[in-house]
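Descriptive structure summary
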Amino acid sequence: MPSKQSLLSLSLLFFLHPTTGTPSDLRYVNPLIGSTAGGNVFAGASLPYGLAKPVADVDGQNTGGFSTDGSNVTGFSSLHDSGTGGNPSMGNFPLFPQHCPSDEINGCRFGKDARKKHYKPESVVAEPGYFGIELVDGIRAEMTASRRTAIYRFTFPPHEEKGEDPVISIDLTDLWESRQNASIEIDAEKGRVKGNGTFLPSFGAGSYQTYFCADFSGAGVKDGGIWVNDRAGSEPKELFVTRGFNNFYIQAGGWMSFLRPDDGTITARVGVSFISTEQACSNAESEVSDPISGFEKSQEQAKQAWSQKLSPIKITPGGVSDDMLGAFWSGVYRTMLSPQDMTGENPLWESDEPYFDSFYCLWDAFRAQHPFLTIIDPHQQSRMVRSLLDTYRHEGWLPDCRMSLCKGWTQGGSNADVVIADAYVKNLTGINWELAYKAMVNDAENEPLEWSYEGRGGLQSWKKLNYIPYLDFDWMGFGTNSRSISRTVEYAYNDYCLGVVGEGIGEDGYTTYLSRSGNWRNLFREDQPSFLENGTNTGFTGFFQPRYLNGTWGFQDPIACSALASWCSLTSNPSETFESSVWEYLFYVPHDLSSLIDLVGGTDSFVNRLDYFHTSGLADIGNEPVFLTVYEYHYAGRPALSTKRAHSYIPRTFNATTNGLPGNDDSGAMGSFLAWSMMGLFPNPGQSVYLISPPFFEAVEVTHPETGKTATIRNVNFDPDYKRVYVQSAKLNGMPYKRNWVGHEFFTQGWTLELTLGEVEGEWGTKRGICHLV
Ligand SMILES: *[C@@H]1O[C@H](CO)[C@@H](O)[C@H](O)[C@H]1NC(C)=O
Ligand SMILES: *[C@@H]1O[C@H](CO)[C@@H](O)[C@H](O)[C@H]1NC(C)=O
Ligand SMILES: *[C@@H]1O[C@H](CO)[C@@H](O)[C@H](O)[C@H]1NC(C)=O
Ligand SMILES: *[C@@H]1O[C@H](CO)[C@@H](O)[C@H](O)[C@H]1NC(C)=O
Ligand SMILES: *[C@@H]1O[C@H](CO)[C@@H](O)[C@H](O)[C@H]1NC(C)=O
Ligand SMILES: *[C@@H]1O[C@H](CO)[C@@H](O)[C@H](O)[C@H]1NC(C)=O
Ligand SMILES: *[C@@H]1O[C@H](CO)[C@@H](O)[C@H](O)[C@H]1NC(C)=O
């Protein structure tokens, strides 16, 4: 939670610990930021990239399990994703503690709706590695996590008068009741409950099996059994449930009752696995050998692990508020909740390579999150890339979205290509680049039969016509035949990424891809105007438009699918642009912005468009395609306007409140946008380029975890009220520096950038021409 400590002692803390990560950074992390109003963050306990993610689940906004929306707690479960949209992910096998009237097992409430209870809002405590909450009936639940084990501590208030003993139930369900078959087995003597079930992924195809092993300690077990539809018994001790022929869903699970211990506290250690119940038990036993003392130990280890992960970054606040620090550090924290390291928990294939899951989705994460991990945790980023390649090796395709061992829906291009190219230009080690290139070429050349969850569609047209046609004639594969504009611009960028890697490793074919990377031009309709809904002409001409197979233009209103019009996704109002407008996708040429600027009439015209876009309500700051547009002024030689734009969104739309995210965090994508912005650099993935804009703090240092060199960005004339935010002049390693960007060497070599600030736009960085790459 953000601390109330004075700024004076704050800077003292930083002064006292200038080089090592200290818990002083951790205390700014508030996992509840984005826990309501659609942020959908996971607010519970987790290790960095941890698989076990215990939290309270609610019946309100429960996509990440818990929400500070004041709804009811339905249980406490151990698997979650963070920040995703759509169906809530996982939340399997929730525990629920209660007292049952008259101490009669059939007086308990078992079903989700029957048992749920409001929580006391002021009781919620969330910090890295810990989540605590009290229900209105006075039962307190605390939880922490090791990698594949959740530990819960339930404290039952004294209840002697009524003589009611504590009962904890386990429900064979998940957050969206997707369970198919499931089994449970109760061993009351050992105080152990084991089970498994088959569930559906929240944004993908197929199903997955998951397993748990729960051990209860701290109290004598009185009895145990199973329940079905709110009726319970001590016999039998095993249960199998399935979906009937009409897909009927039955509520069922197990329960255990206890003799209330003097301190009222019962500990549940829940091992999870995707391999077997035996492995769930052995995971728990090896990670947390003694459940009772294990709680504090695991909590401490989680804190240490987070502290270590945050340690590459040092902030000199320079007088900015604790809220700004809280927003920043929490954003950094959320970039490492997902993807989840499931190495050793992959039942799909045998391999010595790492396995990560919850790339949910790369469409969101390639833009800022993976580049962020590349600077603060390059070792893990490299393991993630290896996992993508291993998935290609065993499933035949790179993932685009992946959750709970299943293929997730592809939103546009084959964006693993971008993650790989970014790793390549930033020299990540340990990656087989020949294999990587092969996997990328597969995306670009071979159309899968089912391209809604892998590869690309419309490849015949892509190769022949050099754009994805509106109403394509595509008999080679199946997918949602929409998004012809957004797929065209994404495929072009993806092909650029192939070109980069191909050229780098000396593959002849790379020129084909660099040339295809210019395909976005083919959908630019020079004479296309744009009107607002009330008929006002925006005054801008020249937009992407859909184009039929025969080359004739189709039409999509440039403002359609923007925040001013209606939402367009795969299923809701599918259009030629995905989740955003023609207006926004116009700026989506990350690899060729120089050409785009020329195409729309030069820098002034480009800057006017960006301004109009950001100030008219057309820009959707709550969704990832907008990210780079905030900084594209740099390419027109107007870095001051990028700075101005960033300050117009932060903290107004990204801040330290529970509703402080403008959209789904998407596994940390929003967190990484915020973190980069506040650090004063912004990446353009697939290129060794970081756009410079002054940090929101006096200084930021980033120590490269592998080279040990420290990169520094320091503001001279820093002003915590952000009146002086414009760079007047810059020095790199003490020498005058005119470019408005730096390369990745800045981080690996530990360079120092000094930015002298003033109140008005200066001359610095106004020379156009970052990289004309194609
Ligand atoms: C909490 O549960 C109660 C009882 O079922 C219900 O009336 C109420 O709407 C729920 N509250 C929220 C915010 O979901
Ligand atoms: C569920 O169990 C039934 C009956 O044992 C079996 O036929 C079916 O294949 C199982 N389905 C899944 C998804 O495991
Ligand atoms: C699930 O558990 C039941 C009962 O313990 C067991 O019979 C079954 O084989 C398990 N299923 C899987 C897929 O492991
Ligand atoms: C149309 O809408 C825009 C944006 O809301 C507004 O500025 C403009 O005045 C409106 N024009 C008319 C004719 O209503
Ligand atoms: C091209 O195809 C579209 C859609 O079928 C059709 O409306 C249009 O008339 C065709 N244009 C020409 C020049 O044939
Ligand atoms: C914080 O951000 C949210 C989401 O963008 C916004 O609705 C809210 O007004 C902001 N709060 C403050 C105090 O700026
Ligand atoms: C990557 O390695 C090459 C060869 O060692 C070197 O020339 C280049 O500067 C490095 N790039 C970065 C971004 O560190």
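Read on for an overview of the structure. (Residues numbered from 1 in each chain as written. Chains lettered and ligands numbered in written order. Predicted model: local features only at pLDDT ≥ 70, side-chain atom pairs only at ≥ 80, totals over all residues. Heavy atoms only, no water.)

On to the site of ligand 7, then. The environment of ligand 7 is made up of Val425, Asn427, His744, Glu745 and Thr748. The contact in question runs from an oxygen atom of ligand 7 to an N or O atom on the side chain of Asn427, over 2.2 Å. In the environment of ligand 7, an oxygen atom lies 3.2 Å from a nitrogen or oxygen atom belonging to the side chain of Glu745. The residue makeup of the shell around ligand 7, split by class, is 1 nonpolar, 3 polar and 1 charged. (Near = heavy atom within 4 Å. Polar contact = N/O pair within 3.5 Å; in protein donor to acceptor, adjacent residues only side chain to side chain. Nonpolar A, V, L, I, M, F, W, Y, C, P; charged D, E, K, R; others polar.)

To continue, consider the nonpolar core. Phe66 and Phe216 are the most contacted members of the largest nonpolar core, which has 211 residues in total. Broken down by element, this core gets its largest block of residues, 10 residues, from helix H13 (residues 484–504). Core analysis: the second largest hydrophobic core is formed by 8 residues, Cys100, Phe110, Trp227 and Trp255 among them. (Core = buried A, V, L, I, M, F, W, Y, C linked by side-chain atoms within 4.5 Å. Buried < 20%, exposed > 50% of the residue type's maximum accessible area, 1.4 Å probe, protein only. Helix = DSSP H or I, 4+ residues; strand = E, 2+ residues; numbered from the N terminus.)

Looking now at the environment of Leu628. Inspection of the secondary structure puts Leu628 in the loop between helix H17 (603–615) and helix H18 (639–649). The exposure class assigned to Leu628 is buried, which follows from its relative accessible area of 13%. Here the alpha-carbon distance between Leu628 and Pro683, two residues 55 residues apart in the chain, equals 8.4 Å. Not counting residues up to four positions away in its chain, the partners in contact with Leu628 are Pro590, Leu593, Phe682, Pro683, Asn684 and Leu691. (Contact = heavy atoms within 4.5 Å.)

What surrounds ligand 3 is the set Ser183, Glu185, Asn196, Gln209 and Tyr211. The separation between an oxygen atom of ligand 3 and a polar side-chain atom of Glu185 is 3.0 Å. Protein contact buries 46% of the 360 Å² of open area that ligand 3 shows by itself. If you list the elements that add at least two residues to the shell around ligand 3, you get strand S10 (182–187) and strand S12 (208–217). Along the lines of polarity and charge, the residues of the shell around ligand 3 split into 1 nonpolar, 3 polar and 1 charged. (Areas by Shrake-Rupley, 256 points an atom, 1.4 Å probe, with all protein chains shown as cover.)

What follows deals with the layout of surface pockets. Quantified by volume, the largest pocket comes out at close to 580 Å³. Here the lining of the largest pocket is composed, by residue class, of 10 nonpolar, 16 polar and 5 charged. (1 Å grid on protein atoms, 1.4 Å probe; cavity = no way out; pocket = protein on both sides within 12 Å on 5 of 7 lines; lining within 4 Å. Points joined across faces, edges and corners; volume = space filled by probe spheres on them.)

Summed over all chains, the structure comprises 44 aromatic pairs. Here the aromatic rings of Phe524 and Phe544 are separated by 6.2 Å at their centres, their planes lie at 85°, and the arrangement is edge-to-face. In this pair, Phe524 sits in strand S23 (residues 524–531) while Phe544 sits in strand S24 (residues 537–544), placing the two residues 20 residues apart along the sequence. Accessibility assignment for this pair places Phe524 and Phe544 in one class, buried. With centroids separated by 5.6 Å and ring planes inclined at 70°, the aromatic side chains of Phe673 and Phe682 adopt a geometry described as edge-to-face. Across the pair, Phe682 and Phe673 agree in class, each one buried. For the cation-ring pair, Arg153 lies above Phe295, with the distance from its terminal atom to the ring centre recorded as 4.0 Å. (Phe/Tyr/Trp six-rings, centres within 6.5 Å; stacked < 30°, edge-to-face > 60°. Lys NZ or Arg CZ within 6 Å of the ring centre and 35° of its normal.)

Here we take up the pairing of strand S2 (residues 72–77). Summarising burial for S2: 6 of the 6 residues are buried, a large majority. As judged from the 4 bridges shared by strand S1 (residues 55–58) and S2, these two strands associate in the antiparallel manner. Counterpart to Val55 in the pairing with S2 is Ser77. (Pairing = 2+ DSSP bridges.)

Turning to the pattern of salt bridges, a few remarks are in order. Per the stated rule, a full pass over the model turns up 35 salt bridges. Of the charged contacts, one joins Arg115 and Asp171 as a salt bridge, the two residues approaching to 2.8 Å between their closest N and O atoms. Separated by 56 residues along the polypeptide, Arg115 in helix H3 (residues 112–115) and Asp171 in strand S9 (residues 166–171) bring together distant segments of the chain. Here Arg456 makes a salt bridge to Asp417, at a shortest N to O gap of 3.4 Å. Here Arg456 is found in the loop between helix H11 (433–445) and helix H12 (459–464), whereas its partner Asp417 is found in helix H10 (residues 416–425), with 39 residues between them in sequence. Overlapping salt bridges bring together Asp417, Glu445, Arg456, Lys463, Asp495 and Arg516 as one network. (Salt bridge = Lys/Arg side-chain N within 4 Å of Asp/Glu carboxyl O.)

Attention now moves to the side chain of Asp357. Residue placement: Asp357 occurs in strand S20 (residues 356–357). There is no salt bridge for the buried Asp357, and the closest opposite charge comes from Arg402, which lies 4.2 Å off by N-O distance. A distance of 2.8 Å separates a polar atom in the side chain of Asp357 from the backbone nitrogen of Leu405. Beyond its immediate stretch of four places on either side in the chain, Asp357 contacts Pro339, Gln340, Met342, Arg402, Met403, Ser404 and Leu405. (Lys, Arg positive; Asp, Glu negative; His and termini not counted.)

Here H17 crosses H18 at 5°, and the two axes come no closer than 12 Å. Of the possible angle classes, the one that applies to H17 and H18 is roughly parallel. Contacts from Val607, Asp611, His614 and Thr615 of H17 reach H18 at Leu641, Arg645 and Tyr649. (Axes fitted to C-alpha atoms, helices over the stretch in contact; angles between N-to-C directions. Parallel < 35°, antiparallel > 145°, perpendicular 65-115°, else oblique.)

Here we come to empty space enclosed by the protein. Applying the stated criterion to the full structure yields 8 cavities of 30 Å³ or more. Space inside the largest cavity adds up to approximately 120 Å³. Lining the largest cavity are 17 residues; nearest its centre among them are Phe366, Arg367, Tyr588, Pro590 and Leu628. Among the residues forming the lining of the largest cavity, the class breakdown is 11 nonpolar, 2 polar and 4 charged. Both domains that meet at the lining of the largest cavity, namely domain 1 (1–29 + 311–338 + 628–774) and domain 3 (342–555), each give it at least three residues. (Domains from an automatic or database assignment.)

Using the criterion set out here, one finds 4 disulfides in the structure. Disulfide pairing is shown between Cys100 and Cys108; the S-S distance is 1.8 Å. The chirality of the disulfide connecting Cys100 with Cys108 is right-handed, given an S-S dihedral of about 95°. Across the pair, exposure class does not vary: Cys100 and Cys108 are buried alike. Between Cys361 and Cys401 runs a disulfide, and the two sulfur atoms are separated by 2.0 Å. Across the S-S bond linking Cys361 and Cys401, the dihedral sits near -50°, which makes this disulfide left-handed. (Disulfide = S-S within 2.5 Å.)

A word on the sheet that holds strand S30 (residues 735–736). Backbone-to-backbone hydrogen bonds pair the strands of a sheet. The strands run either parallel or antiparallel. The 6 strands are arranged S18-S27-S28-S32-S29-S30 in an open sheet whose pairing can be described as mixed. Since the sheet does not close on itself, it has two edges, and those belong to strand S18 (313–316) and S30, each with one partner. Pairing between strand S27 (residues 699–703) and strand S28 (residues 710–716): 5 bridges, direction antiparallel. Bridge pairing links Val700 to Ile713 in S28.

Next up on the list: unusual backbone geometry. Cis peptide bonds are those with omega within 30 degrees of zero, and the linkage from Glu235 to Pro236 qualifies with -5°. Along the chain, Ile650 connects to Pro651 via a cis peptide bond; the corresponding omega equals 10°. Of note, Leu405 is a non-glycine position whose phi angle comes to about 65°, a positive value. Of note, Leu405 is situated in the loop between strand S21 (402–403) and strand S22 (406–407). One non-glycine residue, Asn733, lies in positive phi territory at about 50°. The topology assignment puts Asn733 in the loop between strand S29 (726–732) and S30.

What follows deals with a nonpolar patch on the surface. A contiguous nonpolar patch, built from Phe473, Trp475, Met476 and Leu549 and spanning about 450 Å² of accessible area, is present on the exposed surface. Inspection of the secondary structure assignment puts Met476 in the loop between H12 and H13. Met476 gets classed as partly exposed once you look at its relative accessible area, which sits at 35%. (Patch = residues over 30% accessible without salt bridge, like charges linked within 9 Å, V, L, I, M, F, W, Y side chains within 5 Å.)

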